[in-house]
Amino acid sequence: MKKSLLALGAILSLAVISCKKSESGNKSVIKTDSTETLVTDTNGKIDSVSQSSSTVDVNGKKFEKTDFVYKATDGTLVKVVFKNDPKESTVAITSNKKTFTLPKTETKGDETIYKKDDMTAKVKGDSLHLEQGDNIIELKRTKI
């Protein structure tokens, strides 16, 4: 009994020591803003979908990144990250440990189109229509 308590105490001590936060990272990257934003509909009611957004300052250039979780019709959860920087705007779609990054190609009214090779993502409101070859995947923004 004493041996197991000593072993547990040693493991907990090592866990606490190894989890110290290091402040010696890259000094040229400064996270200037991180907010959780509630989305409201046209009536001013809070939407059940929330987003995580941050602005990062790298050597004086501001980059905006917004993360969402989308759900496919089969129930699969997909992480979607919209990134806007001075050079380009992209969307990164992550599912099954694979990430596809598509650059923004055009905006038509309230629809934004991202395209790379044979993959196209059309974003309109809370929905994301993803096409790759003959495969079509419909995604809807969701809250975890």
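Just above, that's the structure.
What counts and how
- Residues numbered from 1 in each chain as written.
- Predicted model: local features only at pLDDT ≥ 70, side-chain atom pairs only at ≥ 80, totals over all residues.
- Heavy atoms only, no water.
- Helix = DSSP H or I, 4+ residues; strand = E, 2+ residues; numbered from the N terminus.
- Buried < 20%, exposed > 50% of the residue type's maximum accessible area, 1.4 Å probe, protein only.
- Contact = heavy atoms within 4.5 Å.
- Areas by Shrake-Rupley, 256 points an atom, 1.4 Å probe, with all protein chains shown as cover.
- Salt bridge = Lys/Arg side-chain N within 4 Å of Asp/Glu carboxyl O.
- Pairing = 2+ DSSP bridges.
- Phe/Tyr/Trp six-rings, centres within 6.5 Å; stacked < 30°, edge-to-face > 60°.

Draft legend 1. Here's a closer look at the overall build of the protein. A count of helices and strands for the protein gives one helix and 10 strands. Secondary structure of the protein in N-to-C order comes out as α-β-β-β-β-β-β-β-β-β-β. The proportion of buried residues among the 144 residues of the protein is 24%. A separation of at least 24 residues holds for 23% of the contacts in the protein among residues at least 6 apart in sequence. In the structure as shown, the protein presents an accessible area of about 10,600 Å², 53% of it carried by carbon and sulfur atoms.

Draft legend 2. Geometry of the pattern of salt bridges. Within this structure, the stated rule accounts for one salt bridge. Between Asp126 and Arg141 there is a salt bridge; the shortest N-O distance is 2.6 Å. Linking Asp126 in the loop between β8 (119–124) and β9 (127–132) with Arg141 in strand β10 (residues 135–142), this pair joins segments that are 15 residues apart in sequence. Look at Arg141 and you get buried, because its relative accessible area is 14%.

Draft legend 3. A look at unusual backbone geometry. Despite not being glycine, Asn96 shows a phi value in the positive range, around 50°. Among the residues examined, Asn96 registers a relative accessible area of 67% and is labelled exposed. A positive phi angle, near 60°, is found at Lys97, a position not held by glycine. Relative to the assigned elements, Lys97 resides in the loop between β5 (89–95) and β6 (98–108). Looking at Lys97, the relative accessible area reads 85%, which means it is exposed.

Draft legend 4. Looking closely at the pairing of β5. Of all seven residues that make up β5, five are buried, and the element is covered over most of its length. In sequence, strand β4 (residues 77–84) turns back onto β5 through a hairpin of four residues. Looking at chain direction, β5 and β6 are connected through six bridges and run antiparallel. Each bridged residue has a counterpart across the sheet, and for Ala92 the counterpart in β6 is Thr101. Counting the residues between successive antiparallel strands, the hairpin from β5 to β6 contains two residues, one of them, Asn96, with a positive phi of roughly 50°.

Draft legend 5. Focus on the packing of aromatic side chains. Summed over all chains, the structure comprises three aromatic pairs. Note on Phe68 and Phe82: the rings are 5.9 Å apart at their centroids and 75° apart in plane angle, and the pair reads as edge-to-face. Here the residue Phe68 occupies a position in strand β3 (residues 61–72), and Phe82 occupies one in strand β4, the gap between them amounting to 14 residues. When its relative accessible area of 13% is taken as the criterion, Phe82 is described as buried. Aromatic pair Phe82 and Tyr114: ring centres 6.0 Å apart, planes at 50°, arrangement tilted. Highlighted residues: Phe82 in strand β4 and Tyr114 in strand β7 (residues 111–116), separated in sequence by 32 residues. Using a relative accessible area of 6% as the deciding quantity, one classes Tyr114 as buried.

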